[in-house]
Amino acid sequence: MSKTIQLSISDPSTLAAMDQINKRLDSIEEKLPKPLSKLITRKQVSEMLSVSVVTIIDWDKKKILNPLRIGNRVRYQLSEIEEVLKSSRYES
């Protein structure tokens, strides 16, 4: 979540303090984990790739796809599916 706030400040000490705050915020943001790309279901992957859900499960076992397990649910990162598609195009 990102918010932009604009202030008009003329006091030099306040400007210096705001600059320090901005630098601290930037360093904190760099340390935060990167957000996961959109997560999709097995059914969505199968529809996207025009294959059956059984094929998707088989590809999981063969390590072609890398599913994320969240409790008893299985999800895939959309960006990872796109990478698999790109790499398979060049291998063919």
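Peer 1: Would you explain the overall build of the chain in this entry?
Peer 2: Of the regular secondary structure elements, the chain holds four helices and three strands. Across the chain, helices and strands are ordered from the amino to the carboxyl terminus as α-β-α-α-β-β-α. Across the chain, the fraction of contacts at a sequence separation of at least 24, relative to all contacts at a separation of at least 6, is 47%. Carbon and sulfur atoms make up 54% of the accessible area of the chain, which amounts to about 8000 Å² in all.

Peer 1: How should I be thinking about the pairing of strand 3 (residues 73-77) in this particular structure?
Peer 2: Moving residue by residue along a regular strand, the side chains alternate between the two faces of the sheet. Across three bridges, the pairing between strand 1 (residues 39-41) and strand 3 is antiparallel. By the bridge assignment for strand 3, I40 is matched with Y76. Note: strand 2 (residues 68-70) against strand 3, three bridges, orientation antiparallel. Within the sheet, the bridge partner assigned to L68 lies in strand 3 and is R75. The turn joining strand 2 and strand 3, which pair antiparallel and follow one another in sequence, is formed by two residues; a positive phi near 65 degrees is taken by G71.

Peer 1: Would you explain the pattern of salt bridges in this entry?
Peer 2: Once the charged atoms of two side chains with opposite charge are near each other, the side chains can pair. Counted according to the given criterion, the structure contains three salt bridges. With a closest N to O distance of 3.2 Å, R42 and D60 form a salt bridge. Within this pair, whereas R42 is found in helix 2 (residues 42-49), its partner D60 is found in helix 3 (residues 53-61), the two being separated by 18 residues in sequence. Taking the relative accessible area as the measure of exposure, D60 reaches 8% and is therefore buried. Taking the shortest distance from any N to any O, the salt bridge between K62 and D58 comes out at 3.3 Å. Judged by its relative accessible area of 55%, K62 is exposed.

Peer 1: Teacher, can you tell me more about the nonpolar core here?
Peer 2: For soluble globular proteins, nonpolar side chains are generally found buried alongside one another. With eight residues, the main nonpolar core is built from I40, V45, L49, I56, L65, V74, Y76 and I81. Elements that contribute at least two residues to this core include exactly helix 2 and strand 3. When residues no more than four places from it in sequence are discounted, the contact partners of I81 are I40, V45, M48, L49, L65 and Y76.

Peer 1: Where do I start with the sheet that holds strand 3 in this structure?
Peer 2: Adjacent strands of a sheet form backbone hydrogen bonds with each other and so pair up, either parallel or antiparallel. Read from one edge of the open sheet, three strands run 1-3-2, paired in antiparallel fashion. If you trace the sheet from one side to the other, it starts and ends with strand 1 and strand 2, each paired once. Ignoring which end each strand starts from, the neighbouring axes of this sheet average 45 degrees apart. Its contacts with the sheet put helix 2 on strand 1, strand 2 and strand 3, and the angle it makes with strand 1 is roughly 85 degrees.

Reading guide: rules and limits
- Residues numbered from 1 in each chain as written.
- Predicted model: local features only at pLDDT ≥ 70, side-chain atom pairs only at ≥ 80, totals over all residues.
- Heavy atoms only, no water.
- Helix = DSSP H or I, 4+ residues; strand = E, 2+ residues; numbered from the N terminus.
- Contact = heavy atoms within 4.5 Å.
- Areas by Shrake-Rupley, 256 points an atom, 1.4 Å probe, with all protein chains shown as cover.
- Pairing = 2+ DSSP bridges.
- Salt bridge = Lys/Arg side-chain N within 4 Å of Asp/Glu carboxyl O.
- Buried < 20%, exposed > 50% of the residue type's maximum accessible area, 1.4 Å probe, protein only.
- Core = buried A, V, L, I, M, F, W, Y, C linked by side-chain atoms within 4.5 Å.
- Axes fitted to C-alpha atoms, helices over the stretch in contact; angles between N-to-C directions.

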